[in-house]
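Per-entry structural report
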Amino acid sequence: MAFEQVIGQREAQERLMQMVDEGRLPHAIMLCGPQGCGKMALAMGFAKVLLGDSPMLAKWEHPDLHFTYPTIKLPSMSTDHKPISDDFASEWHELIMAGPYFTMTEWLEQMGGENQQAIITAGESDSLIRKLSLKSSQGGYKVSIIWLPERMNIECANKILKLLEEPPSQTVFIMVCQEPDKLLETIRSRVQRIDIKRIADEDIEKALHDKRGLAEDVAHRTARMANGSWLKALEMLSADSENELFLDMFQTLMRLAYQRKVKDLKTWSERMAGMGREKQKRFLTYFLRLIRENFMYNFHQEELCYMNQREEDFAKNFARFVNEANILPISELANRAIRDIGQNANAKIVFFDMALQMIVLLIQK
């Protein structure tokens, strides 16, 4: 079955199939939507439909299927070399064989360039033009899947634009786009855009139960917290240990601030400073989420809250300290800390200042 790896999104699947059934298939489609909604899974499933679900697609190896994706410049490459997708074909193949749901961070790690900015170069557009100029090896469609076309540099984008204006025979472009506003307007005007919605909670819940073996209550709670993103759901499963640490740090901060234990708060800030900057930013993002959830907990409406059991157990006693008077100042405090950490400020000072201000903010009513 072509769309067997897609979580939910039946409406989008039906729309794509309707194009084929009614003979209204455009030469270029752009799937847009939030991260984790399954755009790439839909694109790969639709490629299977167009290429006849060939046995070669079991390992995503087909002479008429071409993937384009952002790449990086490795130290081993010559100075005048423009990186292309073929340079990282084995890494890409390993990534998609693990599943069609992945992030740019995961792809960068796969390429070995976590600290680099991945782009699609003009070299890639030249390579794609050569590939698509050849006749279909199977006598049917040629399919070009472009992941994150908004990362094309201007030279590449202009060359791709010419391809879209005069598409090779029997070629279908499927663009998987997360930030369409960053694409050239002339490219956006030459593709048929399909907006993909967030995944329904019940579809994520079913997939967590069926594919991951989660108990129904855990799957239900995780699906609600995932907020329509399968990637977020998977992240929560793999980040349980980190989230446990973050909850402990959050609880410690709040208890010490309430008790006004300045010396212990200084120790807390030093412990936070010992984490890497990316981990510090993840904690602050977690902090913001938990502040929001504790505020909503006060309304006693279960459908408005997205917490796991441990978080909710803490909220039963703590939530009353997050109210209309301090919810915005606390959120602003955390956002400033995220900004300062991102600008390489001294982490000890940032977190100690944050901890001291929490003493004042928690008593506001």
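Just so it is clear, the structure is predicted and the values come from calculations on it, not from any experiment.

**Remarks on the overall build of the protein chain**
For the protein chain, the count of helices and strands is 16 helices and five strands. In terms of its C-alpha atoms, the protein chain occupies a principal-axis envelope of roughly 75 × 50 × 35 Å. Per-residue burial for the protein chain yields a buried fraction of 49% across its 365 residues. For the protein chain, the share of sequence-separated contacts (at least 6 apart) that also reach a separation of at least 24 residues comes to 73%.

**A few points about empty space enclosed by the protein**
Empty space left among the atoms is revealed by rolling a probe the size of a water molecule over them. Per the stated rule, a full pass over the model turns up one cavity of 30 Å³ or more. Size it by volume and the largest cavity reaches roughly 40 Å³. As for the largest cavity, its lining consists of Ala2, Phe3, Glu4, Gln5, Val6, Ala41, Met44, Gly45, Lys48, Trp60 and Pro100. Looking at the lining of the largest cavity residue by residue, the class counts come to seven nonpolar, two polar and two charged.

**Overview of the pattern of salt bridges**
Taken as a whole and assessed by the stated rule, the structure comprises 24 salt bridges. One network of salt bridges, in which partners are shared, links Lys82, Asp126, Glu155 and Lys159.

**A word on the packing of aromatic side chains**
Counted according to the given criterion, the structure contains 19 aromatic pairs. Considering the side-chain rings of Tyr69 and Trp92, the 4.1 Å spacing of their centres and the 10° angle between planes classify their relative orientation as stacked. Of this pair, Tyr69 sits in the loop between β2 (65–68) and α3 (89–97) while Trp92 sits in helix α3; the two residues are 23 residues apart in sequence, bridging distant segments of the chain. Here Tyr69 and Trp92 have matching classes, each one buried.

**Structural notes on helix α5 (residues 122–133)**
Its 12 residues give α5 an end-to-end C-alpha distance of 17 Å, which sits within 8% of 16 Å, the value for a rise of 1.5 Å per residue. Along α5, the residues classified as buried are Ala122, Gly123, Glu124, Ser125, Ser127, Leu128 and Leu132. Those residues of α5 that are buried lie in contact with β2, β3 (142–147), α6 (154–165) and β4 (171–177). The residue sitting at the N-terminus of α5 and contributing the capping side-chain oxygen is Thr121; that oxygen lies 3.2 Å from the backbone nitrogen of Gly123.

The rules behind the values
Residues numbered from 1 in each chain as written. Predicted model: local features only at pLDDT ≥ 70, side-chain atom pairs only at ≥ 80, totals over all residues. Heavy atoms only, no water. Helix = DSSP H or I, 4+ residues; strand = E, 2+ residues; numbered from the N terminus. Buried < 20%, exposed > 50% of the residue type's maximum accessible area, 1.4 Å probe, protein only. Contact = heavy atoms within 4.5 Å. 1 Å grid on protein atoms, 1.4 Å probe; cavity = no way out; pocket = protein on both sides within 12 Å on 5 of 7 lines; lining within 4 Å. Points joined across faces, edges and corners; volume = space filled by probe spheres on them. Nonpolar A, V, L, I, M, F, W, Y, C, P; charged D, E, K, R; others polar. Salt bridge = Lys/Arg side-chain N within 4 Å of Asp/Glu carboxyl O. Phe/Tyr/Trp six-rings, centres within 6.5 Å; stacked < 30°, edge-to-face > 60°. Expected span 1.5 Å × (residues − 1). Polar contact = N/O pair within 3.5 Å; in protein donor to acceptor, adjacent residues only side chain to side chain.

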